[in-house]
Amino acid sequence: MHCPVCKHPVSAESPHCPNCGYPNRAREGKWTVLKTVYPPEDLLLKSMLESFGIPVRLQREAIGPVQGLTLGPLAEVKVLVLHHRLEEARQLLEALPGEP
Ligand SMILES: [Zn+2]
């Protein structure tokens, strides 16, 4: 493949373009749901996982505007991590105090 920014050849194993440093999206793989949580746990998990170097995406269910609603299906947030980091993220979750 080639870098989408500078067209420099990028190996599939390389995390970044060696020329301009652009992240190699093909290497990232697909995002997988780690856990479905309610706010503010989504932000807590995100900052915790990111502090261990695991990239996190939050996906809110776009059913409608949530006005002051913090519980219930409308407020569900899916916490996604990259597939190849899933096991690592799960182990970190298990190590959290208060988790079974
Ligand atoms: Zn580049």
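This one's a predicted model, so the numbers in the text were calculated from it and none came from an experiment.

Asks: With reference to specific residues and values, describe the nonpolar core.
Replies: Ranked by size, the top nonpolar core spans eight residues in total: L34, L45, L49, V56, V77, V79, V81 and A89. Listed by contribution, the elements that provide at least two residues to this core are helix 2 (41-51) and strand 3 (77-82). For this core, the leading source of residues is strand 3, giving three residues.

Asks: Residue-level account of the environment of S14, with values.
Replies: Residue placement: S14 occurs in the segment before helix 1 (25-28). Looking at S14, the number of C-beta atoms within 10 Å reads 14, which means it is partly exposed. In sequence terms S14 and N24 are ten residues apart; their C-alpha atoms lie 6.9 Å from each other.

Asks: Break down the sheet that holds strand 2 (residues 56-60) for me, with residues and values.
Replies: Taken together, the three strands give an open sheet; going across it, the order is 1-3-2, and neighbouring strands pair in antiparallel fashion. The strands lining the two open edges of the sheet, one partner per strand, are strand 1 (31-37) and strand 2. Here the average twist between neighbouring strands, direction ignored, is 30 degrees. The sheet contacts of helix 3 (residues 86-94) involve strand 1 and strand 3, and relative to strand 1 the element is tilted by about 20 degrees.

Scoring rules and cut-offs
- Residues numbered from 1 in each chain as written.
- Predicted model: local features only at pLDDT ≥ 70, side-chain atom pairs only at ≥ 80, totals over all residues.
- Core = buried A, V, L, I, M, F, W, Y, C linked by C-beta atoms within 7 Å.
- Buried ≥ 20, exposed ≤ 12 C-beta atoms within 10 Å, placed from the backbone.
- Helix = DSSP H or I, 4+ residues; strand = E, 2+ residues; numbered from the N terminus.
- Pairing = 2+ DSSP bridges.
- Axes fitted to C-alpha atoms, helices over the stretch in contact; angles between N-to-C directions.
- Contact = placed C-beta atoms within 7 Å.

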